Amino acid sequence: MQQNYKGIIFDINGVLEFQGRVYPGAVELINFLRQKGVVIRILTNSTLKSRKYCAEQLNQMGFDVRKTEVITAAYATAKYLETLSPRSCWIMLKRTGLEEFKHFCHDVEDPEYIILGDYRDGFNFHNMNKALKLLQRGSKFIVMISQVIDNSMGEVELTVGAYGKMLEDAANIKATYIGKPNKLIFEMTLKTMDIEKNSVLMVGDRVSSDMRGAKNAGIKSVLVKTGEFKESDLAGDVQPDYIVDSIGEIKKLL
């Protein structure tokens, strides 16, 4: 790396930790960057977690992370929704991520917006069919992430984007997608950093979300060969600017 990077955006799962296990060198790297005055952001496609909960989890693992440095897909969606000044919304989401939407008017019968996150067992016939009917009647549709499959818990799971695409097709509408790799969440993150984007680096383990998102946003990227990375990921049209085998190698590069 020739450039002097002033800000680094990290994915969490598969980069800093994976399934609760902290990667060697990850805590030390965050501390090193703080000493250097580098602006740090944590960017995750998690919809189930609030940014407060994410920060608390990371700090319990030994990291030094502030809530204001964390951007989750749930938080980014809530911030985007604020710009729309919605009359009402149905937030299809579980766990602490729902806390990001507490200041909105909630209405499951006649919402202006349907906001789709990880609804877990709420992805049942009754709720999905109800959402379909509301969308056909004119409710607008926002989906937190476009990702359709998640392996982060060790077993494959259908996730938010799969249900979002199903409702899009069934209702014959187009949704607004917020999370990685969409440009919106990156622009929102960059705005909070208040530095030129040509001096910002994205570090992730997924080409489809982290690397593609960085490319969409016009920032450089580092692919870490950990987490959900597979060699076949590098066969596509998106290529990272740098590739490392482990998170600890980034300190050497800097």
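As the structure is a prediction and not an experimental result, all values here were calculated from the model.

Caption draft 1: Structural detail: the packing of helix H3 (residues 73-84) against helix H6 (residues 183-193). For the pair H3 and H6, the least separation of the axes is 10 Å and the interaxial angle reads 85°. When the axes of H3 and H6 are compared, the pair comes out roughly perpendicular. Residue-level contacts link Ala-73, Ala-76, Lys-79 and Tyr-80 of H3 to Leu-184, Ile-185 and Met-188 of H6. Here the residues of the contact of H3 with H6 are counted per class, giving six nonpolar, no polar and one charged.

Caption draft 2: Highlighting the side chain of Ser-221. One can find Ser-221 in strand E13 (residues 220-224). Residue classification places Ser-221 among the buried positions, given a relative accessible area of 2%. Sequence-distant contacts of Ser-221, that is, excluding residues within four places in its chain, are made with Leu-201, Met-202, Met-211, Ala-214, Pro-240, Asp-241 and Tyr-242.

Caption draft 3: Expanded view of the nonpolar core. Phe-10, Ile-42, Val-203 and Ile-247 are the most contacted members of the largest nonpolar core, which has 30 residues in total. In terms of residue count, helix H1 (residues 26-36) provides more of this core than any other element does, six residues in total. If near-sequence neighbours (up to four positions away) are discounted, Val-203 is found in contact with Ile-8, Ile-9, Phe-10, Asp-11, Val-15, Val-222, Val-224, Ile-247 and Ile-250. If you look at the next biggest cluster of nonpolar residues, it comprises 28 residues, including Ala-74, Cys-89, Leu-93 and Met-188.

Caption draft 4: Just the sheet that holds E13, in detail. Within the open sheet, the six strands sit side by side as E5-E4-E1-E12-E13-E14. Their pairing is parallel. Each edge of the sheet is formed by a strand with only one pairing partner; in this case those strands are strand E5 (70-72) and strand E14 (242-244). With strand direction ignored, the average angle separating the axes of adjacent strands in the sheet is 20°. Relative to E13, strand E12 (residues 200-204) runs parallel, the two being bridged by four bridges. Considered in E13, the bridge of Val-203 is made with Val-222. Of the strands in this sheet, strand E1 (7-10) and strand E4 (39-44) touch H1, which is tilted by about 155° from E1. Each of E4 and E5 touches helix H2 (residues 51-60); the most contacted strand, E5, lies at about 125° to it.

Caption draft 5: Examining the packing of aromatic side chains more closely. Inspection of the entire model under this criterion finds three aromatic pairs. Seen in terms of ring centroids, Tyr-119 and Phe-123 are 6.2 Å apart; in terms of plane orientation they differ by 80°. Their pairing is edge-to-face. Judged by centre distance (3.7 Å) and plane angle (5°), the rings of Phe-123 and Tyr-163 are stacked. Highlighted residues: Phe-123 in the loop between strand E7 (113-116) and helix H4 (125-136) and Tyr-163 in helix H5 (residues 160-171), separated in sequence by 40 residues. For Phe-123, a relative accessible area of 14% puts it in the buried group. When its relative accessible area of 18% is taken as the criterion, Tyr-163 is described as buried. Taken together through their ring pairs, the aromatic side chains of Tyr-119, Phe-123 and Tyr-163 make up a single cluster. The ring of Tyr-177 has Lys-165 lying over it, and the distance from NZ or CZ to the ring centre is 5.1 Å.

The rules we used
Residues numbered from 1 in each chain as written. Predicted model: local features only at pLDDT ≥ 70, side-chain atom pairs only at ≥ 80, totals over all residues. Heavy atoms only, no water. Axes fitted to C-alpha atoms, helices over the stretch in contact; angles between N-to-C directions. Helix = DSSP H or I, 4+ residues; strand = E, 2+ residues; numbered from the N terminus. Parallel < 35°, antiparallel > 145°, perpendicular 65-115°, else oblique. Contact = heavy atoms within 4.5 Å. Nonpolar A, V, L, I, M, F, W, Y, C, P; charged D, E, K, R; others polar. Buried < 20%, exposed > 50% of the residue type's maximum accessible area, 1.4 Å probe, protein only. Core = buried A, V, L, I, M, F, W, Y, C linked by side-chain atoms within 4.5 Å. Pairing = 2+ DSSP bridges. Phe/Tyr/Trp six-rings, centres within 6.5 Å; stacked < 30°, edge-to-face > 60°. Lys NZ or Arg CZ within 6 Å of the ring centre and 35° of its normal.

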